[in-house]
Amino acid sequence: MGCGCSDCEEMMQPYMDKVLTEEQVREAQEHLARCPGCEKRYRFEYKLRMFVRVAVDEPMAPELRARLAGLRSPAPPH
Amino acid sequence: MSESAPTAAESRRIAEEARDRVRFEEEALQLSDQVYRVARRLVGSREEAEDLMQDTYARAFRSWQQYQPGTNLRAWLLRILTNLNIDRGRRQRRMPELQPLEEGDYFLYDRLEATIPDENPDEERVLERLSQNAVVEALAEVPHDFRDVLVLVDIGEFSYAEAAQILDIPLGTVMSRLHRGRRILKRALAEKAVTA
């Protein structure tokens, strides 16, 4: 089990999303500097987000690209 | 020449509008990869995502004049797309009051770490317990209302405010659904972890 730092756990999502106030960010960073367990879990969270983003990426089929391009308005006559 | 003057102004206006429209269409098409990336995970299958993309671009090209130049075009397209997705039979239901999730944000890490025999493994090794398929499946299991927000913010990289605008829900709802959606995703991931 982690280090039991429940405040740090609660701050993780807003910290990653960059919605904490400057003071809260400083608080979180001070804690992380002292607590390798939380720090590692923060690093894991960050890498997990990247992993999820890459894992679910499925490129668009070329046929769809062509179909979308075909929806454009006809070129105006000159 | 009294007749040709208004005609010249008129044809200039038409030409300008045609140029604006072509520019709009090109910009929208350039964003199609990014829009598709989000669309693909809002729905269950590639076919649905493709139909939705086609309907979205058809509607966008029809109503291009409603787009305010200078605002976020990708968000505008996704707003059309999510509305069409809801119109297609996925009614936005009121969410029943849900039980609070027991698991906190460290839950997944702790569960995965426990499957590794070594003391104190680094986070890369912990992450290796998850396969690409597990992520795809786990995301598909997250209920729609939570998944929409999760996909827009974590995969589409939209801000909370943009997600709120696209889905037409309050900012606080975006935040609570995101928070909960991520925990639901982690619980599903924990179930699909590689245990070997």
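Residues numbered from 1 in each chain as written. Chains lettered and ligands numbered in written order. Predicted model: local features only at pLDDT ≥ 70, side-chain atom pairs only at ≥ 80, totals over all residues.

A. Molecular detail of the overall build of chain B. Secondary structure summary: chain B contains 10 helices and zero strands in total. Along chain B, helices and strands appear, N-terminal first, in the series α-α-α-α-α-α-α-α-α-α. Taking 2.2 N^0.38 as the reference for a compact globule, 196 residues should give roughly 16 Å; the C-alpha atoms of chain B span a radius of gyration of 22 Å, well beyond that estimate. Overall, chain B is about 90 × 35 × 30 Å in size when its C-alpha atoms are taken along their principal axes. (Helix = DSSP H or I, 4+ residues; strand = E, 2+ residues; numbered from the N terminus. Rg over C-alpha atoms; globule rule 2.2 N^0.38 Å.)

B. Quick look at the packing of helix α1 (residues 6-16) of chain A against helix α2 (residues 22-34) of chain A. All names here are of chain A. Their axes nearest at 11 Å, the elements α1 and α2 cross at an angle of 125°. By the angle between their directions, the pair α1 and α2 is classed as oblique. Judged by the sense of rotation from one axis to the other, the crossing of α1 with α2 is left-handed. Judged by residue contacts, Cys8, Met11 and Tyr15 of α1 engage Gln24, Val25, Ala28 and His31 from α2. Residue composition of the contact of α1 with α2, by class: five nonpolar, two polar and no charged. (Axes fitted to C-alpha atoms, helices over the stretch in contact; angles between N-to-C directions. Parallel < 35°, antiparallel > 145°, perpendicular 65-115°, else oblique. Left-handed = near helix turned anticlockwise from the far one by under 90°. Contact = placed C-beta atoms within 7 Å. Nonpolar A, V, L, I, M, F, W, Y, C, P; charged D, E, K, R; others polar.)

C. Main features of the domain arrangement of chain B. Residues and elements named next belong to chain B. Each assigned domain of chain B is listed with its residue range as follows: domain 1 (4-87) and domain 2 (107-191). Domain 1 and domain 2 are separated by 30 Å when their C-alpha centres are compared. Contact with domain 1, which involves 10 residues of that partner, is made by 12 residues of domain 2. At the level of secondary structure, the elements contributing two or more residues to the side of domain 1 that touches domain 2 comprise α2 (32-42) and α4 (73-87). (Domains from an automatic or database assignment.)

D. Here's a closer look at the interface of chain A and chain B. With 29 residues of chain A in contact, the opposing surface of chain B contributes 33 residues. Breaking the side of chain A that touches chain B down by element, the ones donating at least two residues are α1, α3 (36-55) and α4 (62-69) of chain A. Its residues placed into classes, the side of chain A that touches chain B shows 14 nonpolar, three polar and 12 charged.

E. Seen up close, the confidence of the model for chain A. The pLDDT averaged across chain A works out to 88; a share of 91% of its residues lies at or above 70. Mean pLDDT in chain A bottoms out at α1 of chain A, which sits at 88, and peaks at α4 of chain A, which reaches 96. (pLDDT = per-residue confidence, 0-100.)

F. Region of the structure containing the environment of Gly44 of chain B. Locating Gly44 of chain B in the fold gives a position in the loop between α2 and α3 (46-62). Taking C-alpha positions, Gly44 of chain B is 6.9 Å from Ala140 of chain B, a pair spaced 96 residues apart along the chain.

G. Looking closely at the nonpolar core. Ala39 and Val149 of chain B are the most contacted members of the largest nonpolar core, which has 48 residues in total. Shared between two domains, this core takes at least three residues from each, and those domains are domain 1 (4-87) and domain 2 (107-191) of chain B. Those residues in contact with Ala39 of chain B, other than ones at most four positions away along the chain, are Ala49, Leu52, Met53 and Leu81 of chain B. Cys8, Met11, Met12 and Tyr42 of chain A belong to the second-largest nonpolar core, a separate cluster that totals seven residues. (Core = buried A, V, L, I, M, F, W, Y, C linked by C-beta atoms within 7 Å. Buried ≥ 20, exposed ≤ 12 C-beta atoms within 10 Å, placed from the backbone.)

H. Structural detail: the packing of α4 of chain B against helix α9 (residues 160-167) of chain B. Residue and element names in this part refer to chain B. Their axes nearest at 8 Å, the elements α4 and α9 cross at an angle of 40°. In this view, α4 runs oblique relative to α9, as classed from their interaxial angle. Here α4 runs over α9; the crossing is right-handed. The residues of α9 that touch α4, namely those facing Ala75, Leu78, Arg79 and Thr82, are Glu162, Gln165, Ile166 and Leu167. Each residue belonging to the contact of α4 with α9 can be placed in one class, and the counts come to four nonpolar, two polar and two charged.

I. Inspection of the environment of Glu119 of chain B at higher detail. You can see Glu119 of chain B is positioned in the loop between α5 (107-113) and α6 (123-127). On the basis of neighbour counts, which here come to 5 C-beta atoms within 10 Å, the residue Glu119 of chain B falls in the exposed class.

J. Broad picture of unusual backbone geometry. Here the phi dihedral of Lys18 of chain A falls at roughly 60°; this positive angle occurs in a residue that is not glycine. Tracing the chain through its elements places Lys18 of chain A in the loop between α1 and α2. Positive phi, close to 50°, is recorded for Asn120 of chain B, a residue that is not glycine.

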